[in-house]
Amino acid sequence: MSSFLSLRIKIVRNGNIKTIQFKYNTLVSEACEIIRDREPSDDQGDITEFGLFKPDEDVKKGQWLDPRRALEFYLLRAGDQLEYRKKIRPLRVKMLDESIKTILIDDSHNVKEIIRTTCERIGINNPDEFSLVVENADTDEMSKTGTLKKDKGGLQV
């Protein structure tokens, strides 16, 4: 078995697809640095704002690769495609008083972490009592609005 893994990397910001060889034991964070070095851009921002995403045929599924794990953890095969994309994005949140706040969230976090971060940033001390509900299911991600709702005993998604 070869100690190298050849992956197709789609650079989401410009649509380019490059084939890059990595060692199987390369950490995801190191792979992101390698990709960043090979695809320079004016819009690179902080390296922690970017990550590798493994898309699924079902667009509602997919998986962010943990930067602390090695590529071999994900059982990737030669020729698999990953997306190098920005993890941080703005989320518009409608508050209970109908005001709208825009906060930056990390898409690689799970829902519980996103709600905790959202509540922290807007000054709510008890995030376990709240959830986010998609109010405007427009296809443009920037125009989606999540409404912060007080949970009444059930999980709202």
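Here the structure is a predicted model, which is why all the values come from computation and not from measurement.

J.: Hey, could you run me through the nonpolar core in this one?
T.: Grouped burial of nonpolar side chains is what soluble globular proteins tend to show. Among the nonpolar cores identified, the biggest contains 19 residues, and L7, I9, F22, I35, L52, L71 and Y84 are the most heavily contacted of them. At the level of elements, β1 (4-11), β2 (16-23), α1 (28-38), β3 (50-55) and β5 (81-86) are the ones that each hand at least two residues to this core. Beyond its immediate chain neighbours, meaning those up to four positions away, F22 contacts S3, F4, L5, L7, I9, A31, I34, I35 and L71. Of all hydrophobic cores here, the second largest spans 12 residues; its members include L91, M95, I105 and F130.

J.: When you look at the packing of aromatic side chains in this model, what are you seeing that I'm missing?
T.: Aromatic rings considered in pairs are described by the distance between their centres and by the relative angle of their planes. Scanning all chains against the criterion turns up 3 aromatic pairs. For the pair F73 and Y74, a centre-to-centre distance of 5.0 Å together with 85° between the ring planes defines the contact as edge-to-face. The class for F73 is partly exposed, based on a relative accessible area of 45%. For Y74, a relative accessible area of 9% gives the class buried. A cation over an aromatic ring shows up here: R69 above the ring of F73, its NZ or CZ 3.9 Å from the ring centre.

J.: Can you help me understand the sheet that holds β5 in this one?
T.: Strand pairing in a sheet is mediated by backbone hydrogen bonds. Such pairs are either parallel or antiparallel. The 5 strands lie next to each other as β2-β1-β5-β3-β4, forming an open sheet whose pairing is mixed. If you trace the sheet from one side to the other, it starts and ends with β2 and β4 (62-64), each paired once. Direction aside, neighbouring strands of the sheet carry axes that sit 35° apart on average. Alignment of β3 against β4, held across 3 bridges, turns out to be antiparallel. Along β4, the bridge assignment pairs K54 with Q63. Contacts between α1 and the sheet are confined to β1, β2, β3 and β5, with β2 contributing the most and set at about 135° to the helix.

J.: Just checking my understanding: could you explain the pairing of β3 for this structure?
T.: Within a regular strand, the side chains alternate between the two sheet faces. Bridge count between β3 and β5: 4 bridges; the pairing is antiparallel. Residue F53 lies in a different strand from β5, and its bridge partner there is E83. Counting the residues that bridge the hairpin from β3 to β4 gives 6 residues.

J.: Please explain the environment of P90 as it appears in this structure.
T.: With respect to the secondary-structure elements, P90 resides in strand β6 (residues 88-94). Residues P90 and D106 lie 16 residues apart in sequence; the distance between their C-alpha atoms is 8.9 Å.

J.: Can you walk me through helix α2 (residues 111-122) in this structure?
T.: Structurally, the α-helix is built with 3.6 residues per turn, so residues lying three or four positions apart point the same way. Taking 1.5 Å of rise per residue, 12 residues should cover 16 Å, and α2 covers 17 Å from first to last C-alpha, within 8% of that figure. Among all positions of α2, only I114, I115, T117, T118, C119 and I122 are buried. Backbone geometry just after α2 places G123 at a positive phi near 85°.

The rules behind each value
Each residue is numbered by its place in its chain's sequence as written, counting from 1. Selection of residues for local features in this predicted model requires a pLDDT of at least 70, selection of side-chain atom pairs for listing and counting requires 80 or more, and totals for whole chains, interfaces and linings are taken over all residues. Each side-chain value is worked out from all heavy atoms of the structure, with water and hydrogens disregarded. Note on terminology: a nonpolar core comprises buried Ala, Val, Leu, Ile, Met, Phe, Trp, Tyr and Cys residues joined through side-chain atoms within 4.5 Å. Three labels apply to residues, based on accessible area from a 1.4 Å probe with only protein chains included: buried if under 20% of the type maximum, exposed if over 50%, partly exposed otherwise in between. Here a helix means four or more residues in a row that DSSP labels H or I, a strand means two or more in a row labelled E, and each is numbered from the N terminus. Contact between two residues is taken to exist if any of their heavy atoms lie within 4.5 Å; hydrogens are not considered. The aromatic pairing rule takes the rings of Phe, Tyr and Trp, using the six-membered ring of Trp, and pairs them if the centres are within 6.5 Å, calling planes under 30 degrees apart stacked, those over 60 edge-to-face and the rest tilted. A ring is considered to have a charge above it if a Lys NZ or an Arg CZ atom is located within 6 Å of its centre and within 35 degrees of its normal. Strands are treated as partners if at least two bridges between them are detected by DSSP. What counts as an axis is a line fitted to C-alpha atoms, over the stretch in contact for a helix, and the angles between N-to-C directions run from 0 to 180 degrees. Multiplying 1.5 Å by the residue count of a helix minus one yields the expected span of that helix.

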